[in-house]
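Spelled out from the first residue to the last, the chains are:
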Amino acid sequence: MKNFEYLLAAWIAVWAVFFFYQINLGRRFAKLRDEVERLKQQIQLLS
Amino acid sequence: MKRPVLSTLVVTLLICLSGYAALFVAPDERTMHAAQRIFYFHVPSWIAMFVAFLIAVIGNIAYLTTRSPKWDWLGVAGAEVGVACCTIGLITGPLWGKPAWGIWWTWDPRLTTTFILWLLYISYLLLRGMIEDSDRCARMSAVFWGFCVYGRPIGLYVESFMADSASRSCLLRRPQGRSRSEDGESVAFVCDCGTGSRHRSPS
């Protein structure tokens, strides 16, 4: 198949962007969850 | 089954189906061959970008009028997805351009304005990370987002006067005797490049 290398490179690039964004979202979500847990603990300590 | 899980499964199934159809079902294009299949995710990424940015604009305008944080969240969600789609478009464009035009990149108005706007969209996300006060951050980023997004129509307007646009010279070239109003058909051709490839295939 002619020009297949360009198609393959584009295919990899698309999935790389998706995965990078997904990992980024996952990390931020985990950070937010930790912060919520920390705030819950602080509220419990105060009450 | 929970709704997010179900929607994720449906989207994954649709991605797999469309990926299979784009790679194996669609006929090979006569001149660009496999590189033409890049259009199956290059053009949709721009369409998705415009939809996401429209959502971001709605979110930011609604935030500026109501000051409700949920609109700010909608705005930033739309902006992030739009930036991801814009990045995909900017990466896959040169990968299609090399076999089609013979060059990776050219500083023509269309590509240059798109690249500048991509930088602005990135700076929008950076700006949000730099301001700690959430209300001030939402307000400033909503105003900045308006500045970023209104740049796109201005860019397109400027491009319409530039005859040496690389994409125009290749895809949107106006044949002799053809009126400017017929350029709309050319835009439709670009969008139809993927699905309409069977008309240009040897089979």
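Heads up: these notes are all about the structure in this document.

Rules of the game
Residues numbered from 1 in each chain as written. Chains lettered and ligands numbered in written order. Predicted model: local features only at pLDDT ≥ 70, side-chain atom pairs only at ≥ 80, totals over all residues. Heavy atoms only, no water. Helix = DSSP H or I, 4+ residues; strand = E, 2+ residues; numbered from the N terminus. Buried < 20%, exposed > 50% of the residue type's maximum accessible area, 1.4 Å probe, protein only. Contact = heavy atoms within 4.5 Å. Areas by Shrake-Rupley, 256 points an atom, 1.4 Å probe, with all protein chains shown as cover. Core = buried A, V, L, I, M, F, W, Y, C linked by side-chain atoms within 4.5 Å. Phe/Tyr/Trp six-rings, centres within 6.5 Å; stacked < 30°, edge-to-face > 60°.

1. Looking at the overall build of chain B
Inference 1: Check the secondary structure of chain B and you find seven helices and zero strands.
Inference 2: Reading the secondary structure of chain B in the N-to-C direction produces α-α-α-α-α-α-α.
Inference 3: Taken across its 203 residues, chain B has 42% of its residues classed as buried.
Inference 4: Excluding contacts between residues fewer than 6 apart, the proportion of contacts in chain B whose partners are at least 24 apart in sequence is 65%.
Inference 5: Element-wise, carbon and sulfur atoms account for 70% of the exposed surface of chain B, whose accessible area totals about 11,600 Å².

2. Describing the nonpolar core
Residue and element names in this part refer to chain B.
Inference 1: Membership of the largest hydrophobic core comes to 18 residues, with the highest contact counts inside it found for Met49, Phe53, Cys86, Tyr121 and Trp145.
Inference 2: Looking at which element gives the most residues to this core, the answer is helix H3 (residues 69-101), with six residues.
Inference 3: Once residues within four sequence positions are removed from consideration, cysteine 86 is found in contact with Trp46, Met49, Trp118 and Tyr121.
Inference 4: If you look at the next biggest cluster of nonpolar residues, it comprises 15 residues, including Ile38, Phe39, Val43 and Trp96.

3. Some thoughts on the packing of aromatic side chains
Inference 1: In total, this model carries 13 aromatic pairs over all chains according to the counting rule given.
Inference 2: Judged by centre distance (5.4 Å) and plane angle (40 degrees), the rings of tyrosine 20 of chain B and phenylalanine 24 of chain B are tilted. Of this pair, tyrosine 20 of chain B and phenylalanine 24 of chain B both sit in helix H1 (residues 3-25), four residues apart, which is roughly one turn of that helix.
Inference 3: Using a relative accessible area of 61% as the deciding quantity, one classes phenylalanine 24 of chain B as exposed.
Inference 4: Clustering of aromatic rings is evident, with ring pairs tying together Trp11, Trp15, Phe18 and Phe19 of chain A together with Phe41 of chain B.

Take it as geometry only, folks, not as evidence of what the structure does.
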